[in-house]
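# Coordinate analysis (summary)
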Amino acid sequence: MLKVWAKDLRQLSYFLINYLPTHPDIAQTETMLVLELVSDWRDRLLPIDKVLPD
């Protein structure tokens with residue numbers, strides 16, 4: 001299981017479509033969304049920002 005925080009749907013889509021399939025250990029994915037407001041997502045460490053464009 002992989003837990004991913006994305007700032008918006010565009011960032012999540014980019015991760016799921018362009019980044020995740022390039023990993024050799026990923027055969028398939030199933031996405032579940034948790035609709036929860038994070039008080040301030042910028043306070044969290046988001047290493048994915050190094051992979052995804054703004």
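Attention in this report is confined to the structure presented alongside it. Predicted, not measured: the structure shown is a model, and the values here were computed from it.

### Brief notes about the overall build of the protein chain
On a plain count of helices and strands, the protein chain comes out with one helix and zero strands. Residue burial in the protein chain is summarised as follows: out of 54 residues, 15% are buried. Summing over all exposed atoms, the protein chain offers an accessible surface of approximately 5100 Å²; the carbon and sulfur share of this is 55%.

### Remarks on the environment of Leu12
Positionally, Leu12 belongs in helix H1 (residues 9-19). Judged by its relative accessible area of 14%, Leu12 falls in the buried class. Here Leu12 is in contact with Ala6 and Leu33, once residues within four sequence places are set aside.

### Focus on the side chain of Gln11
Among the secondary structure elements, Gln11 is positioned in helix H1. Assessed through its relative accessible area of 5%, Gln11 is described here as buried. Among the polar contacts made by the side chain of Gln11, one reaches the main-chain amide nitrogen of Lys7 at a distance of 2.7 Å.

### Comments concerning H1
Think of an α-helix as 3.6 residues a turn; residues three or four steps apart then line up on the same face. Here H1 has its buried residues at Gln11, Leu12 and Phe15. Projection of H1 onto a plane perpendicular to its axis shows the buried side chains occupying an angular sector of 100°, all on one side. In this structure, H1 carries Leu9, Arg10 and Ile17 as exposed residues pointing more than 90 degrees from its buried face. N-cap assignment for H1: the residue whose side-chain oxygen lies 3.3 Å from the backbone N of Arg10 is Asp8.

### A closer look at the environment of Thr29
Mapped onto the elements, Thr29 comes out in the segment after H1. A relative accessible area of 48% places Thr29 in the partly exposed class. In sequence terms Thr29 and Met1 are 28 residues apart; their C-alpha atoms lie 9.8 Å from each other.

Conventions adopted
Residues numbered from 1 in each chain as written. Predicted model: local features only at pLDDT ≥ 70, side-chain atom pairs only at ≥ 80, totals over all residues. Heavy atoms only, no water. Helix = DSSP H or I, 4+ residues; strand = E, 2+ residues; numbered from the N terminus. Buried < 20%, exposed > 50% of the residue type's maximum accessible area, 1.4 Å probe, protein only. Areas by Shrake-Rupley, 256 points an atom, 1.4 Å probe, with all protein chains shown as cover. Contact = heavy atoms within 4.5 Å. Polar contact = N/O pair within 3.5 Å; in protein donor to acceptor, adjacent residues only side chain to side chain. Arc of directions from axis to C-beta.

By themselves, these observations are geometric and do not establish any function.
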